[in-house]
Every structure is written in C-alpha cells, then in structure tokens.
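Descriptive structure summary
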Amino acid sequence: MENYPSPGLGSIPTVAIVIYLAIFILTAAAAWKVFVKAGKPGWAVLIPIYNYIVLCEIVGKPIWWFLLMICPCINFIFVIWVANLVSKSFGKSEGFTVGLILLHPIFIMILGFGDAVYLGPSAKEANMNNRFGSGDYQKPFDPQA
C-alpha cells in the first residue's frame, strides 16, 4: 500500500469553500451598503425575514409582501418583481434587473460599492408608466406637453 499525502489547505474543496465565503462576505457587505444608501439600517441584511420586510419598504411595497416572497411556488415571481423595483429605485433599467437575478453578487456589488444613488421608492412610478414612458396607456405615442 502506498501512503498518499493527506490533503491540506491546498485541497480543492477547501479552496472552493474559501472562494464561496469570500463571495458571500462581499455580497453581504454590498447589500449592507445598498440598505444604507436607501436610508435603512445596514444590519437588517443579516436578519433572515426582516431583510425582506426592509426591502419591501425600500421599493415602496406593503410590508406584507414579504409573505409573498417566502411563499413556495409563487415566491420567484415576487422576488423578481422586487428585484426590478430595486433596480428602478436606483435609476437602473430592466437589463440591470436581469443582472441582479442571474449574476446577483456582481450586480449587488455594482449597486452597493458603485456610484448608484437611491432615488426613492419606485413602485408607484414603475406601475404608472408603461414601457413607452407615457402615463396614458391608450395613447402611448402622443407627445408629452
């Protein structure tokens, strides 16, 4: 029988865990900064259900929406909706929403550590205007006076 050296700190699982923890800590720090930019306490990111409640306040939705965000089978719809409202609250587009959903750590770091400014809850504005920018859905191409 041959003696194989025991895997030490250089083993693949250990490296993967260290990378995962680094990404997790950077993502939590960026989310903390996003909450602070929105005028909310940064530590709220660390409390599991309370962070959804604060997120609902940031985007201007009722607090009971956190129940929809944790309810099985429908939660993904409302999490995507809230992610869109977060990007709108910081003046970003729908493309940024796609980034928030698919590459969350990178895009939350862009919001938190970048120059993004919180413009206020955008739930009302996002629901009032259609994709053409007109408040009147029957006449989307009429020029605004």
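This section reports on the structure supplied with the text. It should be emphasised that the depicted structure is a prediction, and the values quoted were computed from it without experimental measurement.

Describing the pattern of salt bridges
Here the idea is simple: oppositely charged side chains can pair when their charged atoms come close. Taken as a whole and judged by the stated rule, the model has two salt bridges. Where Lys40 meets Glu57, a salt bridge forms, and the shortest distance between an N and an O atom there is 3.2 Å. Residue Lys40 is found in the loop between helix 1 (12–37) and helix 2 (50–59), and its partner Glu57 is found in helix 2; the two are separated by 17 residues along the sequence. For Lys40, a relative accessible area of 25% puts it in the partly exposed group. A relative accessible area of 31% places Glu57 in the partly exposed class. Here Glu94 makes a salt bridge to Lys88, at a shortest N to O gap of 2.7 Å. Here Glu94 falls in the partly exposed class, since its relative accessible area comes to 47%.

Here we look at the nonpolar core
Counting residues in hydrophobic clusters, the biggest one holds 27 residues, and the most contacted among them are Val86 and Leu111. Elements with a contribution of two residues or more to this core: helix 1, helix 2, helix 3 (65–70), helix 4 (75–89), helix 5 (94–102) and helix 6 (104–113). Here this core gets five residues from one element, more than from any other, and that element is helix 2.

Concerning the side chain of Thr97
Position of Thr97 among the secondary structure elements: in helix 5. By relative accessible area, Thr97 is classed as buried at 6%. One polar contact links Thr97 to Asn84, side chain to side chain, over a distance of 2.9 Å. Thr97 has contacts with Ile80, Ala83, Asn84 and Ser87, leaving out every residue within four places of it along the chain.

The rules we used
- Numbering of residues starts from 1 in each chain and follows the order in which that chain's sequence is written.
- The model is predicted, so local features are restricted to residues of pLDDT at least 70 and side-chain atom pairs to those at 80 or more, both for listing and for counting; the totals for chains, interfaces and linings are taken over all residues.
- Note: side-chain values were computed over all heavy atoms of the structure, leaving out hydrogens and water.
- By definition here, a salt bridge exists when the distance from a side-chain nitrogen of Lys or Arg to a carboxyl oxygen of Asp or Glu is within 4 Å.
- The helix and strand labels rest on DSSP assignments: H or I over at least four residues marks a helix, E over at least two residues marks a strand, and numbering proceeds from the N terminus.
- When a residue's accessible area, from a 1.4 Å probe over protein chains only, is under 20% of the maximum for its type it is buried; when over 50% it is exposed; and in between it is partly exposed.
- Here, the term nonpolar core denotes a set of buried Ala, Val, Leu, Ile, Met, Phe, Trp, Tyr and Cys residues that are joined through side-chain atoms within 4.5 Å.
- N or O atoms within 3.5 Å of each other form a polar contact, as long as, within protein, one can give a hydrogen and the other can take it, and as long as residues adjacent in sequence are counted only when both atoms are side-chain atoms.
- The contact criterion used throughout is that any non-hydrogen atoms of two residues lie within 4.5 Å.

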